[in-house]
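# Coordinate analysis (summary)
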Amino acid sequence: MKKTAKYSKACQILTFPHQYQEQLYSELNRLGWYWQADAKEWERDNTPANSATRLIRIRVWAAKEIVENAAELFLENAESNGLRLIEKSPPYPCRPPKQLESRIYLTFENITNSDEL
């Protein structure tokens, strides 16, 4: 594992058995610690959580000839699984050197009775 500042400071805060850095970071996040990249410090934030959004946002990125069809696949599948389309963007061309690709942004609302899909 790379001994980055983030990892070294995480190890100082929490002794937690792990094989990968992400396991340690996930446990710190679960305990209310968040990495502040600008300050290069782990900070604890005990602010009560807001309710989770019912929105689901998806970026479809593909070759510009197939991006519309790819987005339609997501639309059909999402709507059959209790999601309602709120917004579909037009295709946005990517900047060079990826100018042969485009992106479409989809926003859905979870309208099922359950919070899980």
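Everything below is about the structure printed above this text.
My aim in this report is to walk through the structure given alongside it, one point at a time. (Residues numbered from 1 in each chain as written. Predicted model: local features only at pLDDT ≥ 70, side-chain atom pairs only at ≥ 80, totals over all residues. Heavy atoms only, no water.)

## Quick notes on the pairing of strand 6 (residues 101-110)
Of all 10 residues making up strand 6, seven are buried, and the element is well covered by its neighbours. Sheet topology places strand 3 (residues 55-63) next to strand 6; nine bridges connect them, and they run antiparallel. Note on strand 6: the bridge partner recorded for Trp 61 is Arg 103. Bridge count between strand 5 (residues 92-93) and strand 6: two bridges; the pairing is antiparallel. Along strand 6, the bridge assignment pairs Pro 93 with Ser 102. (Buried < 20%, exposed > 50% of the residue type's maximum accessible area, 1.4 Å probe, protein only. Helix = DSSP H or I, 4+ residues; strand = E, 2+ residues; numbered from the N terminus. Pairing = 2+ DSSP bridges.)

## Focus on the nonpolar core
Across soluble globular proteins, you tend to see nonpolar side chains buried next to one another. Listed in full, the 11 residues of the largest apolar core are Val 60, Ala 62, Val 67, Ala 70, Ala 71, Leu 75, Ala 78, Leu 83, Ile 104, Leu 106 and Phe 108. Counting residues per element, the ones that place at least two in this core are strand 3, helix 3 (67-79) and strand 6. The leading source of residues in this core is helix 3, at five residues. Among the nonpolar cores identified, the runner-up in size contains eight residues, and Leu 14, Leu 24, Trp 33 and Trp 42 belong to it. (Core = buried A, V, L, I, M, F, W, Y, C linked by side-chain atoms within 4.5 Å.)

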